[in-house]
Amino acid sequence: MIGQASTRTHLETTVRTTCPYCGVGCGVVAASDGKGGVTIMGDPDHPANRGRICIKGAALAETVTTTGRLMAPLIGGAEVGWSQALDLIAERFAQTIARHGPDSVALYVSGQFLTEDYYVANKLMKGFIGSANIDTNSRLCMASSVAGHRRAFGSDTVPGQYEDLELADLVVLVGSNLAWCHPVLHQRVMAARAERGTKIIVIDPRWTATCEGADLHLPLAPGADGHLFNLLLCHLYDHGLLASDFAPHVTGVDAALTAARASRAGDTGLSPADLERFLTLWAGTEKVVTVYSQGINQSESGTDKVNAILNCHLLTGRIGRLGMGPFSMTGQPNAMGGREVGGLANMLACHLEIENPAHRAAVQGFWASPVIAERSGLKAVDMFRAVEEGRIKALWILHTNPAVTLPEADRVARALAACDFLAVSDIRADTDTARLAHVLLPATGWGEKDGTVTNSERMISRQRAFLPAPGQARPDWWQLAEVARRMGFQGFDWTGPAEIFREYTRLSALAAELGSDFDISGLTDADYDHLEPVTWPHGRASARRFFGDGGFHTPDGRGRLVPVVARLPDATTPDYPFRLNTGRIRDQWHTMTRTGIAPRLSQHLGEPFLEIHPADAACRGLGPATLAEVTSPHGSAILRVLLSDRVAPGHPFAPMHWTAQTAPTGRVDALVPALTDPVSGQPASKSAAVSIRPFPAAWYAFAVARNDLNPACEYWAKSRAAGGWHLELAGMAAPADWTDWVGALFGTEPTVALSDRARGLQRFAFTENGLLQGAIFISTEPVLLARSYLAGLLGKLAERPLAGRPGIDQPDPGPTICACLNVGLNTILRSLADGTSPSVRALGKALGAGTNCGSCRPELAALIHRHSHREAAE
Ligand code: SF4
């Protein structure tokens, strides 16, 4: 097998698999037509989504192209065979360990890993190399939830299920933009609300799409979540809501209350009326689910915030029963699987504890391994610090892009560039991290991989291959096992993921004997190929929910309320007076290595931006659609200004998706400090202190092109369009000759030119046989044009390509809102203005908007809301 190239031979097939993006873990049905065509639908039989799917899932078929894929192993940029590449990794790891000890090497892996990949990586590192220096990018996502669970429950256990959000009478969403980040679960909540009147409270400093349709939005002071839930704890106790029947199952009430009483209402930044409404609603509703996500976890006190939430559920006994409980949403499709299988530096497999000698001995015995790691390894941020300081000398990064996503990303990139030995496994040939690798290994991607994943509600599902691997791409588990064998280790000779999974289920039986909650031993003899979605525990014990009758995994079996001394982020300084919040947008995933390929996913928001309050913008001299230069002590970024009263003054927001390939000055994590929670090690990615000033643009430009262009100017961002590419550009000085400059950019002479020097306008078009190949519109002001219309002209006969907008008989649809049905903002506003579409349902009927995946429905509702308010005011 080794070194054998394979061509991508397509077979006609239909398989049930899972979406590779968020932690909802939707089932999808993938059909391959045998000629390279793929269609994707929501799986009607998967319990997580029952056929629903969001826009990212719906566009999956557009992302399975081989364009840009890494097809063969590379050493120093030169193609080699698998044996040579694997030999080199094994040799460099072995040499480094021999000279500097096992802690001088590390693996950095990913929530995109399948559980079987994780199992092999963890076994290699902790059981055979003898170091726990393996961590996962899930550290950036939900490590504080893990730490909070372990402090309160004695185990990393999510007590409830998604259906609890449907059965609840009150759903509290804190630090979670569920509508954009977990859209299908949001749709389930909204459907339950329509059916049974569920109340919804959103706690978020920012007004997000999730607020539309909520009963109450609490614009909490950033970082004040600990104070808010401390106040709730006191309110619950003072109003007699300590559950007397549940009290024997918990401990620590008095200490938690004492700490909580230090929190003040004024710390929350909420109005007294809003605060009272929240406290009263939560206290008065037995069936309450508190859903939390990155807004809680990504904080320098994230673990405390998690425990402040858990305290309230433990005090009232609102946990582990139908329609109630705390609920942590994971970001990635298999973040939960990584937690279960020991992907984190501070855990053994199957929720066993690295600090526990009996657990270590049991795992070592099971693996028959020569050693076992005896203490926690380095967590993500510390791991890259160790690389920088030369303590880690050989690093293998699989399926993730830390040169973009780690805080202080520029510093991480420099550390990687200086690392003695860096191997990277990826599906893409060119990522910010792959560019720095000594050895680059082609991995199989979604659609080619076989294994299992666990979603946020502990449901294990199969991910099944329906496409052949392109070129020489190989699964991650295989790459890791081959290196292990080359290092002389026994126990890595599986022939496929089913064997790895069975070994894992057997280890879980042993773990269950040691008291672990994680037991999937009942799946040992399951038909792996046809495994249906199943919730753990699935062994000797089985339960849909945990802790309804106590039974915590602490030494005394009682849940622990943890005293939380809540604190706010440090004050900003005169030099860095703004507090930048970072996060995701609706249609992109992580560093866009896949979603960035689908043109329709770039139509919604195709450029890095800074969402900033108009008052902040005015005082900084920033006009709409100009560019802002955002600087922190760690780096800088140039971002498009988006004026918005959805963010509070002083607290702008910027998304985290752009990279050196798509917008080199839009890498937002370059701004974020490497401040971490002291318990979980999770970075505080939502509160970077920054300064903001106008970027001194002498010119702005918008371009469309059939071919991928490589601009040479201070600012550029590019995204896919249906017929090619969109580009936004700007520079600090105009070139001496625009015709020469655009000729160099497009690699050919323009065929049409238009210049209005008085207005500072330059426009050029490039045609071949009358068909538009590209066009660029340059101005001294931000360019206001019908962008999607212009992109739609690419490759077509264009009569007036430099007009920049459609003729009077062709109304401009405006920026895309519904990416499935391609319905633009202007079209929606026109429909609202003529009074024919006063509801989301009516808009769907009239325009089709929101009738496919439903991801845009909150935005449609917000547009209707704003329109009706405007009408009422007029
Ligand atoms: Fe995929 Fe969307 Fe489902 Fe998340 S909600 S798993 S992104 S289809």
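Residues numbered from 1 in each chain as written. Predicted model: local features only at pLDDT ≥ 70, side-chain atom pairs only at ≥ 80, totals over all residues. Heavy atoms only, no water.

**Notes on the site of the ligand**
Inspection of the region around the ligand gives Cys-19, Tyr-21, Cys-22, Gly-25, Cys-26, Ile-53, Cys-54, Lys-56, Gly-57, Pro-183 and Val-184 as its neighbouring residues. Only helix H1 (55-58) and helix H7 (183-196) provide two or more residues apiece to the shell around the ligand. By residue class, the composition of the shell around the ligand is eight nonpolar, two polar and one charged. (Near = heavy atom within 4 Å. Helix = DSSP H or I, 4+ residues; strand = E, 2+ residues; numbered from the N terminus. Nonpolar A, V, L, I, M, F, W, Y, C, P; charged D, E, K, R; others polar.)

**Observations regarding the nonpolar core**
With 113 residues, the main nonpolar core has Phe-93, Leu-107, Ile-203, Phe-229, Phe-278 and Trp-396 as its most contacted residues. It is helix H3 (residues 115-129) that contributes the most residues to this core, eight residues altogether. Once residues within four sequence positions are removed from consideration, Leu-107 is found in contact with Phe-93, Ala-121, Met-125, Asn-133, Ile-134, Asp-135, Met-383, Leu-395, Trp-396, Leu-398 and Leu-480. If you look at the next biggest cluster of nonpolar residues, it comprises 39 residues, including Tyr-162, Leu-178, Met-329 and Trp-589. (Core = buried A, V, L, I, M, F, W, Y, C linked by side-chain atoms within 4.5 Å. Buried < 20%, exposed > 50% of the residue type's maximum accessible area, 1.4 Å probe, protein only. Contact = heavy atoms within 4.5 Å.)

**Re the environment of Leu-754**
As for its position among the elements, Leu-754 is in strand S30 (residues 752-756). Leu-754 sits in the partly exposed class, given a relative accessible area of 40%. Put simply, Leu-754 and Ile-372 are 382 residues apart on the chain and 71 Å apart in space, counted from C-alpha to C-alpha.

**Focus on the confidence of the model for the protein chain**
Per-residue pLDDT for the protein chain has a mean of 91; in total, 96% of the residues score no lower than 70. In this model, residues 1-8 is a region of pLDDT below 50 whose contacts with residues beyond four sequence positions or in other chains number 23 contacts. (pLDDT = per-residue confidence, 0-100.)

**What about the sheet that holds strand S17 (residues 451-454)?**
Read across the sheet, three strands follow the order S17-S18-S19 without closing on themselves; strand pairing throughout is antiparallel. In the strand order of this sheet, the two ends are held by S17 and strand S19 (534-535), each with one partner. Relative to strand S18 (residues 459-463), S17 runs antiparallel, the two being bridged by four bridges. Pairing of Thr-454 across the sheet is with Ile-460, part of S18. (Pairing = 2+ DSSP bridges.)

**Here we look at the sheet that holds strand S8 (residues 170-174)**
Strand pairing in a sheet relies on backbone hydrogen bonds, with the paired strands running either antiparallel or parallel. Taken in spatial order, the five strands make up an open sheet running S10-S9-S8-S12-S13, and their pairing is parallel. The open sheet is flanked by strand S10 (216-218) and strand S13 (325-328), the only strands paired with a single partner. Here the strands of the sheet are splayed against their neighbours by 15 degrees on average, with no regard to which way each runs. Sheet topology note: the S8/strand S12 (residues 288-292) ladder contains five bridges and is parallel. Residue pairing for S12: Val-171 is matched across the bridge by Val-289. Against the sheet, helix H10 (residues 272-284) touches S8, strand S9 (199-203), S10 and S12, its axis set at about 120 degrees to S10. Its contacts with the sheet place helix H12 (residues 302-316) against S8, S12 and S13, and it is angled at close to 170 degrees to S12. (Axes fitted to C-alpha atoms, helices over the stretch in contact; angles between N-to-C directions.)

**Digging into helix H23 (residues 825-833)**
Within the span of H23, buried status applies to Ile-828, Ser-831 and Leu-832. The buried residues of H23 occupy one face: seen down the axis, they fall within an arc of 100 degrees. Gly-835, located one to two residues past H23, shows a positive phi value of around 75 degrees. (Arc of directions from axis to C-beta.)

**As for helix H8 (residues 225-238)**
A rise of 1.5 Å per residue sets the reference length of H8, with its 14 residues, at 20 Å; its end C-alpha atoms lie 20 Å apart and thus fit the reference within 8%. Among the 14 residues of H8, twelve are classified as buried, and the element is accordingly described as predominantly covered. All of the buried residues along H8 are Asp-225, Gly-226, His-227, Leu-228, Phe-229, Asn-230, Leu-231, Leu-232, Leu-233, Cys-234, His-235 and Leu-236. The first or second residue beyond H8 is Gly-240, which carries a positive phi of 75 degrees. (Expected span 1.5 Å × (residues − 1).)

**Some words on the packing of aromatic side chains**
All chains considered together, the criterion is met by 26 aromatic pairs. Here Phe-229 and Phe-278 contribute two aromatic rings whose centre-to-centre distance is 5.9 Å and whose plane-to-plane angle is 80 degrees, an arrangement assigned as edge-to-face. Of the two residues, Phe-229 sits in helix H8 while Phe-278 sits in helix H10, which places them 49 residues apart along the sequence. A relative accessible area of 1% means that Phe-229 is categorised as buried. What makes Phe-278 buried here is its relative accessible area of 0%. Both rings, one in Trp-738 and one in Trp-741, keep their centres 5.6 Å apart while their planes meet at 80 degrees; by these two values the pair is edge-to-face. Residue Trp-738 and its partner Trp-741 are both found in helix H21 (residues 738-746); the two are separated by three residues, about one turn of the helix. We classify Trp-738 as buried; its relative accessible area is 12%. (Phe/Tyr/Trp six-rings, centres within 6.5 Å; stacked < 30°, edge-to-face > 60°.)

**Notes on unusual backbone geometry**
When glycine is set aside, most residues are seen to have a negative phi, and most peptide bonds are trans. The residue after Trp-536, namely Pro-537, is reached through a cis peptide bond having omega 10 degrees. Relative to the elements of secondary structure, Pro-537 occurs in the loop between S19 and strand S20 (559-560). In this model, Ala-368 sits at a positive phi of 50 degrees, which is unusual for a non-glycine residue. Relative to the helices and strands, Ala-368 is located in the loop between helix H14 (357-367) and helix H15 (380-388). Ala-368 sits in the exposed class, given a relative accessible area of 64%. Look at His-399: it is not a glycine, yet its phi comes out positive at around 65 degrees. As for its position among the elements, His-399 is in the loop between strand S14 (394-398) and helix H16 (402-405). Owing to a relative accessible area of 13%, His-399 belongs among the buried residues under this scheme.

**Some remarks on the environment of Leu-642**
Within the secondary structure, Leu-642 sits in strand S24 (residues 635-643). Measuring from C-alpha to C-alpha, the distance between Leu-642 and Leu-627 comes to 9.2 Å, with 15 residues separating the pair along the chain.

**Quick word on the pairing of S8**
Most of S8 sits inside the fold, with five of its five residues counted as buried. The alternating pattern of S8 places Leu-170, Val-172 and Val-174 on one face and Val-171 and Leu-173 on the opposite face, and all of these are buried.

**Digging into the side chain of Thr-524**
Mapped onto the elements of the fold, Thr-524 is located in the loop between helix H19 (497-513) and S19. Engagement of the side chain of Thr-524 in a polar contact is seen with the side chain of Thr-505, the distance being 2.9 Å. Reaching out from Thr-524, the side chain makes a polar contact with the backbone oxygen of Ser-521 at a distance of 2.8 Å. Excluding residues within four positions of it along the chain, Thr-524 makes contact with Arg-502, Thr-505 and Arg-506. (Polar contact = N/O pair within 3.5 Å; in protein donor to acceptor, adjacent residues only side chain to side chain.)

**Observations regarding the pattern of salt bridges**
Going through the model one piece at a time under the given rule, you end up with 41 salt bridges. Close ionic contact of Glu-62 with Arg-600 constitutes a salt bridge, the shortest N to O distance being 2.7 Å. Separated by 538 residues along the polypeptide, Glu-62 in the loop between H1 and strand S4 (74-75) and Arg-600 in the loop between strand S21 (578-583) and strand S22 (609-612) bring together distant segments of the chain. Two residues, Asp-476 and Lys-449, come together in a salt bridge whose shortest N-O distance is 3.8 Å. You can see Asp-476 sitting in helix H18 (residues 476-486) and its partner Lys-449 sitting in the loop between strand S16 (439-442) and S17, a full 27 residues away along the chain. Among the residues examined, Asp-476 registers a relative accessible area of 1% and is labelled buried. Residues joined in a network through salt bridges with shared partners are Asp-87, Glu-482, Arg-485 and Arg-486. (Salt bridge = Lys/Arg side-chain N within 4 Å of Asp/Glu carboxyl O.)

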